[in-house]
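Chain and residue survey
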Amino acid sequence: MMVAKSTVKEEALQKIKVTKTTHSRLSEVDFNNLVFGKKYADHMLVADFDGKEWKNAEILPFQNFSVSPSNAAWHYGQAIFEGIKAYKDPQENPMIFRPYDNYRRFNISAERMGMPEVPEWLFIGGMDMLVDLDRDWIPTGEGCSLYLRPFMIAADEFIGVRPSDTYRFAIINSPSGPYFNKPIKLLVQDKYVRAFPGGVGYAKAAGNYGGTMYPTMQAKKQGYDQILWVDGYEHKYLQECGTMNVFVIIGNTAITPDLSQGTILEGVTRASVIDLLKDLGLTVEERPVSIDEVVTAYKNGSLREVFGTGTAAALAYVEQLDYLDTQIKLDSATYKIAAEVIRRLDAIRTGRAEDTRNWNYHVGEK
């Protein structure tokens, strides 16, 4: 159960030691030319689970870990993560977008991977303290943000096949530019499979991404930006694309794959976009959607837009979608719905529009 923000912050302040850097690297960063995921802020949060409780929580200067070659995470893949973004409002106050949704999903991933739950004071309270300390690292350029990466890895120095007893949790920060700076091309994957029902497709587990690397490499050699994954049984029902959930606009209906099979991530941006699409008066359907339905809509002229949504990518226009011998080409310059959705989303995240749903977490407030 979530507790009052003031209580969470107070507990975090009591339990998390802060060691500030003596040499900031802020001046080394060109904030006018940010590349996603290349630079890291001055500080990070680290805590250890000893088998019973979380301890040794500390915000300290960004640095390398010392990890044994026998660390269980390397060998058996107990590793999960989240992606969250922080922005500044027009008054330069830092805000984190929907961190409680990511916190809930993080612990869902932890449970599925046999890992301990991370307490609210550590995840939310610690993130508040970290972003507050590194607030000068939050970029304000168009499409830019401070990307927050909470993660947890197994820490046992043991190569027997069993869940680790000990774990390390950390949060690092990266001032970042847009993930995609142009419309993207997708290849519908008809051979390799990302996830099956009963698997870990709904968890943000590192192995989910590791398994997609080879097929994605092959797709990029063919000129595509990402893969659009489909189900493993019939190879026709849309799941997600690379690092994003997927939406198709057919007529006045927005359709996105439903979560019932447990094969796709319950995206926070996905949920936000669903609400904003409804605000625009569109009917939103969360249901199975086949590539055949998309192809048919393209051929009869009712397919209006296709786009991906995710924390890193925000909203990415799809300009080409290739499936077997069928090529779908769309003029993303005409995308009015996606354009309005991302405009509204950006305005809310940066405090330029009223946050009627209380999505923004205001950093540093008691």
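Only a predicted model underlies this, so the values are computations on that prediction, with no experimental measurement involved. Just so you know, the residues in each chain are numbered from 1, in the order the chain's sequence is written. Local features in this predicted model are restricted to residues whose pLDDT is 70 or higher, and side-chain atom pairs enter the listing and the counts only when it is 80 or higher, whereas totals over whole chains, interfaces and linings include all residues. Here the side-chain values reflect all heavy atoms present in the structure, with hydrogen atoms and water set aside.

Details of the overall build of the protein chain
Quick reminder of the rule: Secondary structure elements are taken from DSSP: a helix is a run of H or I of four residues or more, a strand is a run of E of two residues or more, and numbering for both begins at the N terminus. In this setup the radius of gyration rests on C-alpha atoms only. A globule is expected at 2.2 Å times the number of residues raised to 0.38. Whether a residue is buried, partly exposed or exposed follows from its accessible area with a 1.4 Å probe, protein chains only, as a fraction of its type maximum: under 20%, in between, or over 50%, in that order. Neither His nor the chain ends contribute to the count of charged residues, in which Lys and Arg are positive and Asp and Glu negative. Lys charges are placed at NZ, Arg charges at CZ, Asp charges at CG and Glu charges at CD.
On a plain count of helices and strands, the protein chain comes out with nine helices and 18 strands. Taking 2.2 N^0.38 as the reference for a compact globule, 366 residues should give roughly 21 Å; the C-alpha atoms of the protein chain span a radius of gyration of 21 Å, in line with that estimate. A principal-axis box enclosing the C-alpha atoms of the protein chain has dimensions of 60 × 55 × 40 Å. Classification of the 366 residues of the protein chain by burial places 53% in the buried group. Between the mean site of the 41 positive side-chain charges and the mean site of the 47 negative ones, the protein chain shows a separation of 2 Å.

What to know about the side chain of Thr263
Quick note on the threshold: Nitrogen and oxygen atoms within 3.5 Å of one another constitute a polar contact, given that in protein one can donate a hydrogen and the other can accept it, and given that sequence-neighbouring residues count only through two side-chain atoms. Any pair of residues with heavy atoms lying within 4.5 Å of one another is described as a contacting pair.
Examined against the element boundaries, Thr263 turns out to sit in the loop between strand S13 (253-256) and helix H7 (268-279). Within the local environment of Thr263, its side chain forms a polar contact with the side chain of Gln239, the two groups lying 3.4 Å apart. When residues no more than four places from it in sequence are discounted, the contact partners of Thr263 are Arg194, Ala195, Phe196, Pro197, Gly201, Tyr202 and Gln239.

A closer look at the domain arrangement of the protein chain
Put simply, the test is: Segmentation into domains, and thus their bounds, comes from an automatic or database assignment. Using a 1.4 Å probe, buried area is obtained as the accessible area two parts lose upon being combined, added over both of them. Salt bridge, as applied in this entry: a Lys or Arg side-chain nitrogen positioned within 4 Å of an Asp or Glu carboxyl oxygen. Three categories are distinguished: nonpolar for Ala, Val, Leu, Ile, Met, Phe, Trp, Tyr, Cys and Pro, charged for Asp, Glu, Lys and Arg, and polar for the others, with Gly belonging to the last.
Under the domain assignment used here, the protein chain contains domain 1 (5-178) and domain 2 (184-349). Across the boundary between the two partners, domain 1 contributes 22 residues, which contact 21 residues of domain 2. Both faces combined, the contact of domain 1 with domain 2 buries some 1900 Å², and carbon together with sulfur accounts for 60% of it. For the salt bridge of Arg104 with Glu266, the shortest nitrogen-to-oxygen distance reads 3.1 Å. Among the residues making up the side of domain 1 that touches domain 2, the classes are represented as 11 nonpolar, three polar and eight charged.

Some remarks on the nonpolar core
Within soluble globular proteins, side chains that are nonpolar generally end up buried alongside one another. We apply this condition: In plain words, nonpolar cores are sets of buried Ala, Val, Leu, Ile, Met, Phe, Trp, Tyr and Cys residues tied together by side-chain atoms within 4.5 Å.
The biggest cluster of nonpolar side chains holds 57 residues, and the ones touching the most others in it are Trp54, Ile96, Leu122, Phe123, Met152 and Phe169. Residue contributions to this core peak at eight residues, all from helix H4 (residues 120-133). Inspection of this core shows a minimum of three residues originating in each of domain 1 (5-178) and domain 2 (184-349). When sequence neighbours within four positions are dropped, the list of residues in contact with Ile96 reads Ile84, Lys85, Ala86, Met127, Val131, Leu148, Trp359, Asn360, Tyr361 and Val363. Among the nonpolar cores identified, the runner-up in size contains 49 residues, and Phe180, Val230, Val248 and Ala254 belong to it.

Here's the deal with the UniProt feature "modified residue: N6-(pyridoxal phosphate)lysine" (unreviewed entry) in the protein chain
Under the convention used in this document: UniProt positions are given in the numbering used here, feature names are shortened, and annotations may be inferred rather than shown by experiment.
In the UniProt entry, the feature "modified residue: N6-(pyridoxal phosphate)lysine" (unreviewed entry) is given for Lys204. Setting aside its immediate chain neighbours within four residues, Lys204 contacts Ala79, Ile80, Phe81, Glu82, Gly83, Arg105, Ser109, Tyr209 and Leu265.

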